[in-house]
Protein chains: 2
Amino acid sequence: MASPEIDALTQALSRLPGLGPRSARRAVLHLLRKRETALDPLLRALAAVNERLVTCATCGNVDTSDPCGVCADPRRDARALCVVEDVADLWALDRSRLFPGRFHVLGGRLSALEGVRPEDLSIDLLVARVAAGGIDEVVLAMNATLEGQTTAHYLADRLEGYPVRLTQLAHGVPVGGELDYLDEGTLAQALRARRPLG
Amino acid sequence: MASPEIDALTQALSRLPGLGPRSARRAVLHLLRKRETALDPLLRALAAVNERLVTCATCGNVDTSDPCGVCADPRRDARALCVVEDVADLWALDRSRLFPGRFHVLGGRLSALEGVRPEDLSIDLLVARVAAGGIDEVVLAMNATLEGQTTAHYLADRLEGYPVRLTQLAHGVPVGGELDYLDEGTLAQALRARRPLG
Ligand SMILES: [Zn+2]
Ligand SMILES: [Zn+2]
């Protein structure tokens, strides 16, 4: 009975992670009833993000500026680089404020099953960043999955010969676990106890 | 570390019912990564709703047209009118497709505690609709709370003398329960067994 516009909004919201059809309906009702305090701010925020959204050409982060806020931050230690599979992992690690360096987003992990090859990931760009010099340590912060670890070993091969220390997150990360789902305490422990890639 | 635009979007989303800060962050990440399939559709849907959003001058529903889709639907029985506290209640009852008539949204319920008086609700408009004639039955579908029932009795007084049958939802509605939270089965039972206001 709702209008096509309201139905479309309900559907768009229900596709967000964590929102089913029922909670999407409640969210829409909230937006319709609180036009000034809910709908307007959300619309303006979405439009602003949409207008400025870019992928950082340096690290692969998505942000509203290029270089992104992380790459542009002069307080960050340019000598330490943390390589992650996904933007979600960058955000999770960055939120923990435990890693003082910069990041590199691969855009996935190698997967024979899903046909993801090295050239599908941002690996050449990573090697170029390392080859450019000024980096002492590269933390290979892949997920503790088989594919994540395969990717880490592939990267270790590709980065061999460069004068950088390769480390990986300590095995505080549960086996099979995805970084993005971990609490900050676990992330902190894993990061503090990071060790050379064996 | 996220940009002000992304922070604003996260905050706007985290204020929606059912979305906390954590799920809002996940939703934002999803939107940033799925620009074409998630961000664009949501932005377009929100803008379309925002552009057309109106309160129905007849019944108080919020919709993208005035009269709203319910009031404009010629298949609906104009002789039966269901009075609800809130737009959320209208939607819940309408979704159940069990009530074939039209609706009237009061915009709240009488409350000494919160200082809500009859003139703060859409009661004069309700009386005017009934006075205009053509209505046989008015279902007073207030919440089964003390304030809801007080409101129902006040409405019954105001509608006395008009040739309409006043009914209320059967006591399938749990005491203290809010209509909007009920499953359709309970709503169906309560509506089917509705009885004259005693
Ligand atoms: Zn960057
Ligand atoms: Zn209407």
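Per-chain numbering applies: the sequence of each chain, read as written, is numbered from 1 onward. Chain letters and ligand numbers both follow the written order, the letters beginning at A and the numbers at 1. Where totals are concerned, whole chains, interfaces and linings use all residues; where local detail is concerned, this predicted model gives features only for residues with pLDDT of at least 70, and gives and counts side-chain atom pairs only at 80 or more. In computing side-chain properties, one takes all heavy atoms of the structure into account and sets aside hydrogens as well as water.

In the annotation of an unreviewed UniProt entry, the entry for chain A reads Recombination protein RecR, and the organism field reads Sphingobium fontiphilum. Taken directly from UniProt, the Sequence similarities (unreviewed entry) text for chain A runs: "Belongs to the RecR family." Checking UniProt for chain A, the heading Function (unreviewed entry) contains the comment "May play a role in DNA repair. It seems to be involved in an RecBC-independent recombinational process of DNA repair. It may act with RecF and RecO." UniProt positions are given in the numbering used here, feature names are shortened, and annotations may be inferred rather than shown by experiment.

Looking at this model, I keep getting lost on the confidence of the model for chain A. Mind explaining?
Predicted coordinates in regions of low pLDDT should not be interpreted in detail. All names here are of chain A. Taken over all residues, the pLDDT of chain A has a mean of 89, while the share at 70 or more is 92%. Within chain A, helix α6 (residues 123–131) carries the highest mean pLDDT (97), whereas strand β7 (residues 195–196) carries the lowest (68). The ipTM for the predicted assembly is 0.76, set against a pTM of 0.76. pLDDT expresses how confident the predictor is about each individual residue, on a scale running from 0 to 100. Helix numbers and strand numbers start at the N terminus; a helix is a DSSP run of H or I with at least 4 residues, a strand a run of E with at least 2.

Please explain the nonpolar core as it appears in this structure.
Nonpolar side chains in soluble globular proteins generally cluster together in the buried interior. Throughout this description, the term nonpolar core refers to a set of buried Ala, Val, Leu, Ile, Met, Phe, Trp, Tyr and Cys residues connected via side-chain atoms within 4.5 Å. Per-residue accessibility, obtained with a 1.4 Å probe over protein chains only, is compared with the maximum for each type, and a residue is labelled buried under 20%, exposed over 50%, and partly exposed between these values. In terms of nonpolar packing, the biggest core is built from 90 residues, with A:Leu13 and B:Leu13 touching the most fellow members. With near-sequence residues (within four places) excluded, B:Leu13 lies in contact with A:Leu16, A:Leu42, B:Leu19, B:Ala24, B:Ala27, B:Val28 and B:Leu31. What makes two residues a contact is simply this: any of their non-hydrogen atoms within 4.5 Å.

In this structure, what is going on with the UniProt feature "zinc finger region: C4-type" (unreviewed entry) in chain A? I would like to understand it.
According to UniProt, the feature "zinc finger region: C4-type" (unreviewed entry) maps to residues 56–71 of chain A in the numbering used here. Its end C-alpha atoms 8 Å apart, residues 56–71 of chain A is made of 19% helix and 12% strand.

Even after reading the chapter, I still don't get the coordination of the zinc ion (ligand 1), so can you show me in this structure?
Perfect tetrahedral coordination of a metal by four donors corresponds to 109.5 degrees between them, and perfect octahedral coordination by six donors corresponds to 90 or 180 degrees. Residue and element names in this part refer to chain A. Within the protein, the zinc ion (ligand 1) binds to Cys56 (SG), Cys59 (SG), Cys68 (SG) and Cys71 (SG); these donor distances fall in the range 2.3 to 2.4 Å. Only nitrogen, oxygen and sulfur atoms qualify as donors, and only when within 2.8 Å of the metal (3.2 Å in the case of Na, K and Ca); with water excluded, sites may look incomplete. Note on geometry labels: four donors, all angles 85 to 135 degrees, give tetrahedral; four donors become square planar and six octahedral when opposite donors are over 155 degrees apart and every other angle is between 65 and 115; remaining cases are irregular. For the zinc ion (ligand 1), the four donor atoms in the first shell make angles of 102 to 117 degrees at the metal, a pattern classed as tetrahedral. We note that the donor set of the zinc ion (ligand 1) lies within a single chain, spaced as C-x2-C-x8-C-x2-C. Here Cys59 and Cys68 have matching classes, each one buried.

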